[in-house]
Amino acid sequence: MFESLIGLVAIIALFVIISRQQSRIGLVERELGALRSLVLSGAVPPAAKLSEQAAADNAPADVAPAEAAAADIVPPAVSEAATAQAPATETEAPTDEVVSGPWAAEAALKAAEPVAPTAAAKAARQTDVETALGTRWAVWVGGIALALGGLFLIRYTIEAGIFGPGVRLTMAAVLGLVLVAGGEFIRRTGFKVPVQGAASAYIPAILTAAGAFILFGTVYAAHGIYGFIGPALAFTLLGAIGVATIAAALVHGQALAGIGLVGAMVTPVLVASQAPNPWALFGYLAIVLAATGVIARMRDWKLLMAAAFFGTGVWTILYMTDAPGANLSAILFIDAVTLVVLAFVWLARRGDETAPARAFDWPSIVPGLFVAFSALGLSVDPTFAAAGYALPGALVIAAMVAVALYRPLALPLLYAAGLVTVLIYLGIIPPTSIASDFSGGALGVDGLPVATSNALTLRIGIALGLVFIGAGFWAARRFAAGTQIRAASWAAWGVIVPLVILLALWFTFGNLDRDFVYAAAAVLLVVVFAAGGEWIARAEEPPLMGGIAVSFALGGAAIAGLLLLHMAFDSAWTTILLGAAAVVPALATRWRSYQVLGWISVGAVIAVLGRVAFDPTIVGAEFLSTTPVFNWLLPGYGIPALAFGFAAWQLARTTNGRPRLAMEAAAALFALLTLAMLVRHAMHGGVIDTGAMTLAEQAIYTLIAIGAGAILVAIDMRSPSSVLRYGSMAAGVASVAFIVVRHFVVLNPLLSDESTGRIPVFNLLFLAYLLPAVAAGGLALYARDKRPKWYAQMLAVVAAVLALAYATLSVRRLFKGEFIGLWSGLGQLETYTYSALWLAIGVVLLTAGVRLKSQVLRIASAALIAIAVLKVFIFDMSELEGVLRALSFIGLGAVLIGIGLFYQRLLTRAAKEGSAAP
């Protein structure tokens, strides 16, 4: 079993080694290619310069200046000739003398000479394999062999019973110390710098790592297997070995430090105690973390520092899982040590704290995550919350903010602290509370409010809100002229956390119907956020740019204003005032040309849409009056429409851009919604959310859509806008869709048998077909030169079809009365009347098409006459009898002859005008 494990490790190590060699071979090939490009371009490679310098150093003092002077006056022709001969020289260079390594200076200089690309690549591959075999692979395998040899020796002595346990452990300890001493001896006698090309095979480091590995195993065996030493001594020895190994990494490299860190972090697991002491554990972890931080800071080893923070954080969370027996002081101690090491050791006086290219230090993410998680546990876990640990958890959060403020590179701490605060205060909102159960190892959503919903939570929330506001806006102003990411981050959390806290406290402790106390708090936030945004903007470079940080501040003021309206007013007034509030940021663009102000107006539109979608009656169905027009629907939809239109007008004269287009679209939409809701209210007796739609109601909506399209076209002619242009066409297309789907199919009285009314002319057919036909035809005529050709033609065709439908259905109503459903059948006179009517309408359309020079109307007349012809020859011939059949064919023939004569005259007139024109 043990041998199989060794084989598996060897295979993995071999795979890693081969992968590394492949990458190194690729690097060498790229470097040789770059060198060849330099030679071909005539540039002198660095190696050649070194060769010249070496030759100059070996030459006599009086010769070197002369050669340098001669080199300075080489004529261009000679230089060009040398450049031209470079390729030929490359092919003649020998390739079997290229050797890497620091032990052969002459060979290294020869290696810098230009060679042919293929030969150079082949020599580089041979040399790299030779270097790998002789310097790296041998060292790695040798180090592993030494470590395993010590273990095998101990195992053999155990199996053979040659020596007792004490002697075996002593021999192992001596072997480990000998390896460590040997590594130090080799380092001091000529291997202070790794061999060229073999940095990862530094012999002293590998010997020291093998010795540390054997010493760790010896101490653990002495305690855990044989019981020669107690847990306290074993704990101390293992920790000392780990810290010493980390310290030795200063001269042996980061890999050795990683081995020592792993051993130090695993030590508490290896050494068990009957009465575990948290102070001993966290005191030991604090020493290891501090030592690792000092060493990592000296060498700038980010991965080592992150690993140390990770190990400490894991131990802290594991200790907190024993919630009933956890010691608060020990938890706060290790959190404080983590923050101190981060702020005063790892990030101590780094020169790039204000550099825009580096917004944060990525190892800071690890301590931020674990410290924030411990603060979350202290605040929301039922066991910790019951013990009153919410205040210490808040202090940990405040400490994280302070460290992030003191060390700008520790920006991840701000994100962690803000996120944890948001989770804590979302968790106090009933009935969906976020609670943590460390003893059960779970963090999830609970169905009941946690025990932290009390007066202490209220006071802590106010304090944390003030901390984030003060630190956030001060830091945002500090970085406003430099690192935009930092400024935006501080401003964002300075807004998000107070708003979430205010919302959570209002839902938990306030009156959801109307609460003036929390409304006053919202007013205060509006003022503070708006003033903070102006304060930050004055520190920008150039001033008053309105960057991301300012946008967050003003956006927070807008959200606080939204909460204010919900807290201080009822449903109806909230919707109305929220729509009217869109005017405020638009007016503010007169003094500050921030783009965010226009988007805040757009945000007001979204908020109003959300409210009307939730309650389209504005005040609730039970409180909505049945009085037509003059009810809550008129101000609830009309005032936002007017406000959005004014905001669009104002933005068009200041910042312009996309927000103005969005406000124009919103104004048009709410104008249509106002008319539509009033119509539905009037036609359903004051009820707008129930009842099936009738053809009359749909006809009014269609007329509104056509009218809206015409209004948008007229406005667009005076104030061109892409929103108005496409909005007008969208209104026209929507009206056509309503007509085709609902007027002709779904709500057609022929199919639904709906009552058309008792009045002869001004009835349902007049409202649903004739008026839309006139409106569509008028819009087609008005938009003919102002919109695309297809748009006007579409409206013209729909108008013609509506007129035909009105005439046809009116004939049907004349014969059948109020109800014109198809179930009542067709009479012969009625059938003949349809033929005559369609022919007459075809002639009218032809005349209108000629007068208006509309090809669409002429084509429509031709299509209608063709339908009439088919009806006469197919339907009338079989259904009609006697004089009606004869009159049908006589009328058809007369009309067709008249149309032919009409077209002949048109063609004759056109020919005369064409001949007279030249």
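All figures in this text were calculated on a predicted structure; none of them were measured in a lab.

## Brief notes about the overall build of the protein
Broken down by element type, the protein carries 35 helices and two strands. The 918 residues of the protein split such that 43% are buried. Taking as baseline every contact in the protein between residues at least 6 positions apart, the subset at least 24 positions apart corresponds to 72%. Entry remark: accessible area of the protein is about 44700 Å², with carbon and sulfur atoms responsible for 71%.

## Some points on a nonpolar patch on the surface
On the surface, Val-740, Val-741, Val-745, Val-746, Leu-751 and Leu-822 cluster together to form a nonpolar patch covering roughly 530 Å² of accessible area. Judged by its relative accessible area of 52%, Leu-822 is exposed.

## Section: unusual backbone geometry
A cis amide bond links Glu-541 to the next residue, Pro-542, at an omega of -5°. As for its placement among the helices and strands, Pro-542 is situated in the loop between helix 21 (516-538) and helix 22 (548-568). Even without a glycine there, the phi angle at Leu-544 is positive, about 60°. Mapping Leu-544 onto the fold places it in the loop between helix 21 and helix 22. Taking the relative accessible area as the measure of exposure, Leu-544 reaches 31% and is therefore partly exposed.

## A short note on the pattern of salt bridges
Taken as a whole, this structure holds seven salt bridges when the rule is applied. For Glu-534, the salt bridge goes to Arg-538, with nearest N and O atoms at 3.1 Å. Separated by four residues within a single helix, Glu-534 and Arg-538 lie in helix 21, roughly one turn from each other. With relative accessibility at 51%, the residue Arg-538 sits in the exposed group. Where Asp-716 meets Arg-787, a salt bridge forms, and the shortest distance between an N and an O atom there is 3.1 Å. With Asp-716 in helix 28 (residues 695-718) and Arg-787 in the loop between helix 31 (764-782) and helix 32 (789-816), the pair connects residues that are 71 residues apart, well separated along the chain. Asp-716 sits in the buried class, given a relative accessible area of 7%.

## Some points on empty space enclosed by the protein
Across all of its chains, the model carries three cavities of 30 Å³ or more by this definition. By volume, the largest cavity is sized at about 90 Å³. Residue lining of the largest cavity: eleven residues in total, with Ser-379, Ala-390, Ile-424, Tyr-425 and Ile-460 positioned closest to the centre. Only helix 17 (390-406), helix 18 (411-426) and helix 19 (455-479) provide two or more residues apiece to the lining of the largest cavity. Within the lining of the largest cavity, the residues separate by chemical class into eight nonpolar, three polar and no charged. Roughly 60 Å³ of volume is contained in the second largest cavity. Around the second largest cavity, the lining residues are Phe-309, Thr-312, Gly-313, Thr-316, Ile-334, Asp-335, Thr-338, Pro-367, Phe-370, Val-371 and Ser-374.

## Some points on the packing of aromatic side chains
Going through the model one piece at a time under the given rule, you end up with 13 aromatic pairs. Aromatic pair Tyr-415 and Trp-493: ring centres 5.8 Å apart, planes at 85°, arrangement edge-to-face. Of this pair, Tyr-415 sits in helix 18 while Trp-493 is found in helix 20 (residues 484-509), placing the two residues 78 residues apart along the sequence. A relative accessible area of 38% means that Tyr-415 is categorised as partly exposed. A connected cluster of aromatic rings, assembled from ring pairs, spans Tyr-637, Phe-644 and Phe-670.

## Some thoughts on helix 18
Look at helix 18: 23 Å from first C-alpha to last across 16 residues, which is about the 22 Å you get at 1.5 Å a residue. For helix 18, a buried count of twelve out of 16 residues is recorded, marking the element as mostly surrounded by other parts of the structure. Residues of helix 18 that are buried include every one of Leu-411, Pro-412, Leu-413, Leu-414, Ala-416, Ala-417, Gly-418, Val-420, Thr-421, Val-422, Ile-424 and Tyr-425, and no others.

## Looking at the packing of helix 18 against helix 20
Where helix 18 contacts helix 20, the axes come no closer than 9 Å and their chain directions differ by 10°. In this view, helix 18 runs roughly parallel relative to helix 20, as classed from their interaxial angle. Read as a crossing pair, helix 18 and helix 20 show a hand that is left-handed. Note on element contacts: helix 20 touches helix 18 through Arg-486, Ser-489, Trp-490, Trp-493, Ile-496, Val-497, Val-500, Ile-501, Ala-504 and Leu-505, opposite Leu-411, Leu-414, Tyr-415, Gly-418, Leu-419, Thr-421, Val-422, Tyr-425 and Leu-426.

## Some thoughts on the nonpolar core
Counting 111 residues, the largest nonpolar core has Tyr-425 and Trp-490 as its most contacted members. It is helix 20 that contributes the most residues to this core, 13 residues altogether. Excluding residues within four positions of it along the chain, Tyr-425 makes contact with Thr-457, Ile-460, Gly-461, Leu-464, Ile-501, Ala-504 and Leu-505. If you look at the next biggest cluster of nonpolar residues, it comprises 29 residues, including Ile-739, Ala-799, Ile-820 and Val-856.

## A word on the confidence of the model for the protein
On average, the protein scores 74 in pLDDT, and the residues at 70 or more come to 64%. With pLDDT under 50 throughout, residues 191-201 is counted as low confidence; its partners more than four residues away or in other chains account for 25 contacts. The model gives residues 351-356 a pLDDT under 50, and that stretch makes 13 contacts with residues more than four places away or in other chains.

## Some words on the side chain of Asp-615
When you line up the elements, Asp-615 lands in the loop between helix 25 (595-614) and helix 26 (633-652). As a buried residue without a salt bridge, Asp-615 has its nearest oppositely charged side chain in Arg-611, at a separation of 5.7 Å. Within polar-contact distance, the side chain of Asp-615 engages the backbone nitrogen of Gly-620 at 3.2 Å.

## Section: the environment of Val-629
Mapping Val-629 onto the fold places it in the loop between helix 25 and helix 26. Considered as a pair, Val-629 and Thr-674 are 45 residues apart in the sequence and their alpha carbons are 9.7 Å apart. What Val-629 contacts, discounting residues up to four positions off in sequence, is Leu-634 and Leu-678.

## A short note on the environment of Val-869
Locating Val-869 in the fold gives a position in helix 34 (residues 855-879). For the pair Val-869 and Gly-893, spaced 24 residues apart in sequence, the C-alpha separation works out to 9.4 Å.

## Some thoughts on the packing of helix 12 (residues 278-299) against helix 14 (residues 328-346)
In contact at an axis separation of 10 Å, helix 12 and helix 14 are set at 10° when each is read in the N-to-C sense. By the angle between their axes, helix 12 is roughly parallel relative to helix 14. Counted together, Pro-278, Trp-279, Phe-282, Gly-283, Leu-285, Ala-286, Leu-289, Ala-290, Gly-293, Val-294, Ala-296 and Arg-297 of helix 12 and Ser-329, Ala-330, Phe-333, Ile-334, Val-337, Thr-338, Val-341, Val-345 and Trp-346 of helix 14 form the full contact between these two elements. In the contact of helix 12 with helix 14, the residues fall into 16 nonpolar, four polar and one charged.

## A word on the side chain of Thr-617
Tracing the sequence through the fold places Thr-617 in the loop between helix 25 and helix 26. Given a relative accessible area of 4%, Thr-617 falls into the buried group. Within the structure, Thr-617 has its side chain in polar contact with the backbone nitrogen of Gly-620 (distance 2.9 Å). If sequence neighbours within four positions are ignored, Thr-617 has contacts with Leu-624, Leu-633 and Ile-688.

## Things to note about the environment of Leu-426
Within the secondary structure, Leu-426 sits in helix 18. Residue classification places Leu-426 among the partly exposed residues on the basis of a relative accessible area of 34%. Expressed as a C-alpha distance, the spacing of Leu-426 and Leu-503, which sit 77 residues apart in the sequence, is 8.7 Å.

Criteria and cut-off values
Residues numbered from 1 in each chain as written. Predicted model: local features only at pLDDT ≥ 70, side-chain atom pairs only at ≥ 80, totals over all residues. Heavy atoms only, no water. Helix = DSSP H or I, 4+ residues; strand = E, 2+ residues; numbered from the N terminus. Buried < 20%, exposed > 50% of the residue type's maximum accessible area, 1.4 Å probe, protein only. Contact = heavy atoms within 4.5 Å. Areas by Shrake-Rupley, 256 points an atom, 1.4 Å probe, with all protein chains shown as cover. Patch = residues over 30% accessible without salt bridge, like charges linked within 9 Å, V, L, I, M, F, W, Y side chains within 5 Å. Salt bridge = Lys/Arg side-chain N within 4 Å of Asp/Glu carboxyl O. 1 Å grid on protein atoms, 1.4 Å probe; cavity = no way out; pocket = protein on both sides within 12 Å on 5 of 7 lines; lining within 4 Å. Points joined across faces, edges and corners; volume = space filled by probe spheres on them. Nonpolar A, V, L, I, M, F, W, Y, C, P; charged D, E, K, R; others polar. Phe/Tyr/Trp six-rings, centres within 6.5 Å; stacked < 30°, edge-to-face > 60°. Expected span 1.5 Å × (residues − 1). Axes fitted to C-alpha atoms, helices over the stretch in contact; angles between N-to-C directions. Parallel < 35°, antiparallel > 145°, perpendicular 65-115°, else oblique. Left-handed = near helix turned anticlockwise from the far one by under 90°. Core = buried A, V, L, I, M, F, W, Y, C linked by side-chain atoms within 4.5 Å. pLDDT = per-residue confidence, 0-100. Lys, Arg positive; Asp, Glu negative; His and termini not counted. Polar contact = N/O pair within 3.5 Å; in protein donor to acceptor, adjacent residues only side chain to side chain.

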